[in-house]
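Listed below are the residues making up each chain.
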Amino acid sequence: MQRPIVTHFFDEPTNTFSYVVQDPDSTACAIIDSVLDFDYAAGRTDVRSADEIIAFIHHRQLDVTWILETHVHADHLSAAPYLHEKLGGKTGIGAKIVEVQEIFGKAFNAGSEFARDGSQFDALFNEGDVFSIGGLQGKVVHTPGHTPACLTYVIGDAAFVGDTLFMPDYGTARCDFPGGDARTLYHSIQKVLALPEQTRLFLCHDYKAPDRDTFQHETSVAEQRQANVHVHEGISEEAFVKMRTERDATLGMPRLIIPSVQVNMRAGHMPPAEDNGDVYLKVPINKFK
């Protein structure tokens, strides 16, 4: 089985892991789940996290083939447009992005100028689609439940699961965002756990379980099957749905959900400037619970 070289980058303010996935036999690579730094209080963006990835790629003399998103993130803004401008590469996300765009296009009253057909991305992936990173072959697994468009990218012995799973001591993704569904997530997780047990699983986030001192980004199918506190082997679908539904009812909204979704449903682009030349993000009042 192919074994890609995987380098992680951690943005602690949003608890987000981004990845550079490299073909060991060429200079080809992909970037997965990048971060655009955002100071919400000041309404100011910064590219220091993206620049760290760019510096790494330049240092290693890599060529970017893909800039991929596992889903429309609700906790950080994507740096995909900036990375595309600096490094090239095609952008990709799940084809069900059109459902997410429809849901949140209405929620933010985005207007007719906001295309709801996924055309902001270069590629829209469906279950079973394949793509190449040099000599590496990637396969797309549709893993909805957290959002309708969530994907897992399986590249050799590595799988990038987005928010579907966390470290075994922390559990699984929430399902209470518009378009989310706990029962659907359970079935998606079973698809991930059906991968070979030695498959390396790379996570989009880690929030550190109470008894753990360090952030962790990598686990395995075997570890998840054995020890995931929400969905290890022996947990029934009904028990999972009950747990996930009750737990989600206690959770507050992510700090950056309002700006993140507006930007990420546009493939990381800001809304168009208004007639004074400035760009604004909307805050719907009493829209999300």
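Calculation notes
- Residues numbered from 1 in each chain as written.
- Predicted model: local features only at pLDDT ≥ 70, side-chain atom pairs only at ≥ 80, totals over all residues.
- Heavy atoms only, no water.
- Buried < 20%, exposed > 50% of the residue type's maximum accessible area, 1.4 Å probe, protein only.
- Helix = DSSP H or I, 4+ residues; strand = E, 2+ residues; numbered from the N terminus.
- Pairing = 2+ DSSP bridges.
- Contact = heavy atoms within 4.5 Å.
- Axes fitted to C-alpha atoms, helices over the stretch in contact; angles between N-to-C directions.
- Phe/Tyr/Trp six-rings, centres within 6.5 Å; stacked < 30°, edge-to-face > 60°.
- Lys NZ or Arg CZ within 6 Å of the ring centre and 35° of its normal.

Student: Requested: an account of the pairing of strand β9 (residues 130-133), with residues and values cited.
Tutor: Of the two faces of β9, only the one carrying Phe-131 and Ile-133 is buried; Val-130 and Ser-132 on the other face are not. The pairing of β9 with strand β10 (residues 136-142) spans four bridges and is antiparallel. Paired with Ile-133 across the strands is Leu-136, a residue of β10.

Student: Outline the side chain of Ser-49, listing residues and values.
Tutor: Here Ser-49 shows up in helix α1 (residues 48-60). Take Ser-49: its relative accessible area is 16%, and that puts it in the buried class. Aside from chain neighbours lying at most four places away, what touches Ser-49 is Asp-11, Val-35 and Asp-37.

Student: Pulling in residues and values, what's your account of the sheet that holds strand β12 (residues 158-160)?
Tutor: Read across the open sheet, the six strands follow the order β9-β10-β11-β12-β13-β14; overall the sheet is mixed. Because the sheet does not close on itself, it has two edges, and the strands there are β9 and β14 (218-220). Strand-to-strand twist of the sheet, defined as the mean angle between neighbouring strand axes without regard to direction, takes the value 30°.

Student: An account of the pairing of β10 is requested, with residue identities and associated values reported.
Tutor: Extensive coverage of β10 is indicated by the burial of five of its seven residues. Here β9 folds back onto β10, and the loop between the two strands holds two residues, one of which, Gly-134, carries a positive phi near 60°. Bridge count between β10 and strand β11 (residues 151-155): five bridges; the pairing is antiparallel. Among the inter-strand pairings, Val-141 is bridged to a residue of β11, identified as Thr-152.

Student: Tell me what's going on with the packing of aromatic side chains, and back it up with residues and numbers.
Tutor: For the coordinates displayed, the defined rule picks out 17 aromatic pairs. Summarising the aromatic geometry, the rings of Phe-9 and Phe-56 are spaced 5.5 Å apart at their centres and angled 80° between planes, so their arrangement reads as edge-to-face. Of this pair, Phe-9 sits in strand β1 (residues 5-11) while Phe-56 sits in helix α1, placing them 47 residues apart in sequence. Relative accessible area serves as the criterion here: at 10%, Phe-9 is assigned to the buried category. Taking the relative accessible area as the measure of exposure, Phe-56 reaches 14% and is therefore buried. Ring geometry for Phe-160 versus Phe-202: centroids 5.1 Å apart, planes at 15°, classification stacked. Taken as a pair, Phe-160 in strand β12 and Phe-202 in strand β13 (residues 200-202) lie far apart in primary sequence, 42 residues in all. Note on accessibility: Phe-160 and Phe-202 belong to one class, buried. Feature note: the residues Trp-66, Phe-125, Phe-131 and Tyr-153 constitute an aromatic cluster, connected by ring pairs. The ring of Phe-114 has Arg-266 sitting right over it, with the charged end atom 4.9 Å from the ring centre.

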